[in-house]
2 protein chains.
Amino acid sequence: MNANQRIALDVMGGDSAPACNLDGALLAAERGLPPERLLLVGNEDVIQSSLEERGGNPGFDVLNATEVIGMDEKPGVALRAKPNSSINVATGAVKMGAAGAHVSMGNTGAVVGAATVGLKTLPGVRRPGIAVTLELTGQPVTILDMGANVVPKPEHLLQYGYMGSVLTRDVLKGGDENAAPKVGLLNIGEEPSKGTDLLRAAHGLLTDSKLNFVGNVEGGDIFKGVADVVVTDGFTGNVVLKLLEDFSGFMLQLVMGELQTHGAQWGPEALGNVRKAIDYSEYGGALLLGVNGIVVIGHGRSDASAVANAIDLAKRALDADVNGHIVRGLEA
Amino acid sequence: MNANQRIALDVMGGDSAPACNLDGALLAAERGLPPERLLLVGNEDVIQSSLEERGGNPGFDVLNATEVIGMDEKPGVALRAKPNSSINVATGAVKMGAAGAHVSMGNTGAVVGAATVGLKTLPGVRRPGIAVTLELTGQPVTILDMGANVVPKPEHLLQYGYMGSVLTRDVLKGGDENAAPKVGLLNIGEEPSKGTDLLRAAHGLLTDSKLNFVGNVEGGDIFKGVADVVVTDGFTGNVVLKLLEDFSGFMLQLVMGELQTHGAQWGPEALGNVRKAIDYSEYGGALLLGVNGIVVIGHGRSDASAVANAIDLAKRALDADVNGHIVRGLEA
C-alpha cells in the first residue's frame with residue numbers, strides 16, 4: 001500500500017475527543033478497513049494508553065501531535081499559534097504524502113484553513129468548496145458550497161458543479177461512467193433571470209458547460225430528486241445546512257410531544273429511521289473539494305459511528321481517485 | 001367607519017379562487033368582522049351569484065374587476081396588460097383611499113409590483129420588504145425580507161429591523177409600548193465580522209440603532225426564541241421560507257411512514273397540531289411592509305381558514321396603525 005492511500009485521523013478534534021475518534025477508528029477496522037490504512041494523529045501517549053484500555057492497537061500507525069485547536073478558537077490565529085496541533089500535523093502528513101486524506105471532527109474553519117494554505121488547490125481549481133451529501137429520499141443529494149467561499153464568483157459555482165458531479169458519479173453512485181448527475185443551481189425561481197447577478201452569470205456558464213445542468217432549483221427541490229448536485233454560494237449553503245439540522249430536530253420534538261398526547265406506547269426510538277434519514281453524519285460528513293488531498297470534515301457532535309462513516313467516505317474518495325477525476329474533468 | 005379602514009380582498013387570486021376567498025370572507029364575518037369592512041374585488045356577477053349559492057351577501061361591498069392575473073404570469077407584463085385585473089383594481093382602491101388594505105392569495109410578484117408602483121413607499125422608507133411570521137414555538141418570529149428585495153443595501157436591512165420591530169410590538173404582541181422586540185441579523189456565525197460586506201455593514205448600523213439588536217443569529221435560532229425579528233436579504237429569506245415549507249411536509253411524510261411500520265392506530269390527523277405549528281398560513285400569510293397601505297400576501301394554496309386569517313392580519317395591522325408607527329419610528 002502506498003502511504004498516500006492512508007487516512008490521517010485527527011484524534012483530538014470534536015466535542016468528545018479523543019474517545020469518539022478512537023472508538024470510530026476501531027469501528028472502521030471492525031467493518032473491514034485494514035488498520036494500516038489509518039494514521040492516528042494526536043497525543044501519542046493518550047492514544048496508545050486509550051487503545052490499551054480498548055483492548056490494544058489493532059495495527060494503526062500513530063503520529064504524535066502535541067497541541068490541540070479548540071472547537072471555538074479563531075482558526076487563523078490558532079493555526080499560527082499551534083504549529084504542532086493535530087490539525088496542522090495531519091494536514092502536513094497529507095502534504096508530504098504520508099497520507100492521502102485528512103479526517104477531522106474538529107474546528108471546521110481550522111481544518112479548511114490548514115487545507116487551503118497547506119495543500120493548495122488542485123490544478124485548474126479556482127476555489128475549494130465544502131460538499132455535504134444528504135440522503136433524505138434514499139438518493140444522495142450533494143450541496144456545495146457549504147461555507148468555504150461566502151462570496152464566490154460565477155466560475156467558482158461552475159467548478160462546484162463539476163466537482164459535485166464527479167463526487168456523485170465516482171463515489172456516491174459507484175463509478176458508473178455513463179452516469180450524468182443532474183446539477184441544479186439554488187435560486188428563488190426557475191427562470192434564468194431570477195436571483196442575483198452572480199446567479200444569472202453562473203446560470204449562463206452552467207448552461208454552456210458539458211454538465212447535465214437542469215437549471216435553477218428551489219430549496220424544497222432538495223427533497224424531490226430534481227437534482228443530484230445543488231450548487232450555491234457558501235453563505236446560502238451554510239444557512240440551509242444549519243436550518244435543516246436544527247429544524248429536523250425541532251420537528252421531531254414536536255412530533256414526539258404530539259404522539260405522547262395520543263398515548264403512544266413507544267419512545268423516541270420509534271422515529272429512529274427518520275432521525276437517521278435527516279442526520280448527515282450518517283453519510284460521513286462534509287468533503288472539502290478542490291484541494292490537493294482528500295479532506296473530510298465531520299460534525300463536532302459526531303459519535304463513533306459518525307467517525308467511522310467519515311473515515312469510510314475518505315476511503316471511498318481515495319479509492320475512486322476523486323481528485324484525479326476532478327483534475328481531468330476540468331482539463332477537458 | 002372610514003373607507004380607509006376597509007379591506008379590499010382580491011377574490012380572483014389563489015389556486016382555488018374564487019371559492020376559497022368567498023368562503024374565507026364569510027368565515028371572517030362569522031368570526032366577528034363587520035361585513036362592511038370587506039370590499040370584495042373581482043368579477044361582480046360571479047361574486048354575487050356565488051354568494052347567493054352560499055346563503056346571500058351578509059353586507060360585503062363589491063368592486064367589479066373584469067380581468068384576472070394568473071398565478072404563473074410574469075408580473076410586470078401582466079400588470080401592464082391587464083389594467084382591470086383584480087390585483088390592479090384592489091391596489092387602486094387602496095391608493096384612492098377606498099380601502100386601507102389589500103389582501104390577495106394571487107400572484108405574489110404582481111401583488112408586490114402593483115403595491116410598489118401604485119402605493120409608493122411610506123415617508124422615510126427606502127425599500128419595501130416582505131415579512132413572514134412563524135409561530136413554531138408558540139412565540140411569533142418574523143422574518144424579513146422574504147423576496148421583495150433580492151440585493152438590498154445595508155440601510156434597507158436596518159429599516160427591515162425597524163419595520164419588523166413595529167409589527168411585532170404593535171400587532172403580534174398586542175401593542176405593549178414598553179416591549180422592545182429582539183432583532184437578529186441572519187448570518188453564518190455570531191461574530192460581527194462574519195458573512196458578507198452587506199452583513200458586516202448592516203451589523204454596524206443595527207448596533208448603532210435604537211433597536212434591541214441581539215446580533216447575528218443562525219438559521220436554527222429561528223426555533224430557539226433568540227430573536228423576535230430576523231432580518232435577511234430577500235434571496236436568503238426566500239430560500240429559507242421555501243425550504244421550511246417543503247421540508248416540514250417532507251418530514252411529516254417520513255414520520256407517518258415510520259409510525260405505520262410501528263402499527264400506529266391513527267392517521268395523519270394525529271399530527272394536526274404539528275402541521276398547524278409549521279403552517280404559516282395559520283398566521284395570515286405575509287405582510288408587504290413599507291408601502292403606503294397594508295398589503296397581505298397569502299399562499300396560493302390557501303383554504304378558507306387561511307384566507308380568513310389573512311383578512312384578520314390585515315384588520316389587526318390597520319387597527320394598530322402599523323404604518324403610522326413605522327413612519328413615526330423612522331422619523332425618530
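Cut-off values and rules
Residues numbered from 1 in each chain as written. Chains lettered and ligands numbered in written order. Predicted model: local features only at pLDDT ≥ 70, side-chain atom pairs only at ≥ 80, totals over all residues. Helix = DSSP H or I, 4+ residues; strand = E, 2+ residues; numbered from the N terminus. Rg over C-alpha atoms; globule rule 2.2 N^0.38 Å. Buried ≥ 20, exposed ≤ 12 C-beta atoms within 10 Å, placed from the backbone. Least-squares fit on C-alpha atoms with pLDDT ≥ 70 in both. Contact = placed C-beta atoms within 7 Å. Nonpolar A, V, L, I, M, F, W, Y, C, P; charged D, E, K, R; others polar. Pairing = 2+ DSSP bridges. Axes fitted to C-alpha atoms, helices over the stretch in contact; angles between N-to-C directions. Expected span 1.5 Å × (residues − 1). Domains from an automatic or database assignment.

Draft legend 1. Main features of the overall build of chain A. Across its full length, chain A holds 11 helices and 11 strands. The C-alpha radius of gyration computed for chain A amounts to 20 Å, which stays within 12% of the reference 20 Å derived for 332 residues, consistent with globular compactness. Each of the three principal axes of chain A carries a C-alpha extent, and together these read 60 × 60 × 40 Å. Buried positions account for 54% of the 332 residues belonging to chain A.

Draft legend 2. A look at the relation of the copies chain A and chain B. When chain A is brought onto chain B, the operation consists of a screw motion whose angular component is 180° and whose axial shift is 0.0 Å, with 0.0 Å RMSD remaining. Taken together, the rotation and translation relating the two chain copies correspond to the operation of a two-fold axis. The share of interface residues of chain A whose copies in chain B are also at the interface is 100%, consistent with both copies meeting through the same surface.

Draft legend 3. Main features of the interface of chain A and chain B. Across the contact, 36 residues belong to chain A and 36 residues belong to chain B. Of all the elements in the fold, those that place two or more residues in the side of chain A that touches chain B are α8 (234-261) and α9 (272-278) of chain A. Among the elements that take part in the side of chain A that touches chain B, α8 of chain A stands out by supplying 17 residues, more than any other. Counted by class, the side of chain A that touches chain B contains 21 nonpolar, 10 polar and five charged residues.

Draft legend 4. Quick look at the pairing of strand β11 (residues 294-297) of chain A. All names here are of chain A. Where burial is concerned, the two faces of β11 agree: the one with I294 and V296 and the one with V295 and I297 are both buried. Note that strand β4 (residues 101-104) and β11 share four bridges and pair parallel. Along β11, the bridge assignment pairs S104 with I297. Bridge count between strand β10 (residues 286-289) and β11: three bridges; the pairing is antiparallel. Looking at β11, one finds that A286 is bridged to I297.

Draft legend 5. Up close: the sheet that holds strand β7 (residues 182-186) of chain B. Residue and element names in this part refer to chain B. Pairing is mixed across the open sheet formed by 11 strands, whose spatial order is β3-β2-β1-β4-β11-β10-β5-β6-β9-β7-β8. Across the chains shown, the open sheet's two edge strands, defined by having one partner strand only, are β3 (61-64) and β8 (212-217). Averaged over all pairs of adjacent strands, the angle between their axes in this sheet comes to 25°, without regard to strand direction. Packing of helix α7 (residues 197-208) onto the sheet brings it into contact with β7 and β8, and relative to β7 it is tilted by some 165°.

Draft legend 6. Main features of the sheet that holds strand β1 (residues 7-10) of chain A. All names here are of chain A. The strand order across the open sheet built from 11 strands is β3-β2-β1-β4-β11-β10-β5-β6-β9-β7-β8, with neighbouring strands paired in mixed fashion. Edge positions in the sheet fall to β3 (61-64) and β8 (212-217), since each has one partner strand and no second. Taking the axes of each pair of neighbouring strands and ignoring which way they run, one obtains an average angle of 25° across the sheet. The pairing of strand β2 (residues 38-42) with β3 spans four bridges and is classified as parallel. Bridged to L39 within β3 is D61.

Draft legend 7. Structural detail: helix α10 (residues 304-319) of chain A. Residues and elements named next belong to chain A. For α10, with 16 residues, the first-to-last C-alpha span of 22 Å sits near the 22 Å given by 1.5 Å per residue. Across the 16 residues of α10, 12 count as buried, placing the element largely inside the fold. Inspection of α10 places A306, V307, A308, N309, A310, I311, D312, L313, A314, K315, A317 and L318 among the buried residues, and these make up the whole buried set. A positive phi of about 50° marks D321, the residue just after α10.

Draft legend 8. Looking closely at the domain arrangement of chain A. All names here are of chain A. If you check the domain split of chain A, you get domain 1 (1-123 + 290-315) and domain 2 (126-284). Centre-to-centre, using C-alpha coordinates, domain 1 lies 26 Å away from domain 2. Facing 15 residues of domain 1, the contacting portion of domain 2 comprises 10 residues. Of all elements in the fold, only α5 (108-119), β11 and α10 reach the threshold of two or more residues within the side of domain 1 that touches domain 2. Here the side of domain 1 that touches domain 2 gets five residues from one element, more than from any other, and that element is α10.

Draft legend 9. Focus on the environment of L63 of chain B. Residue and element names in this part refer to chain B. Locating L63 in the fold gives a position in strand β3. In this structure L63 comes out as buried when scored by C-beta crowding, with 20 C-beta atoms within 10 Å. Apart from the residues lying within four places of it in its own chain, the contact partners of L63 are L39, V41, V89 and A93.

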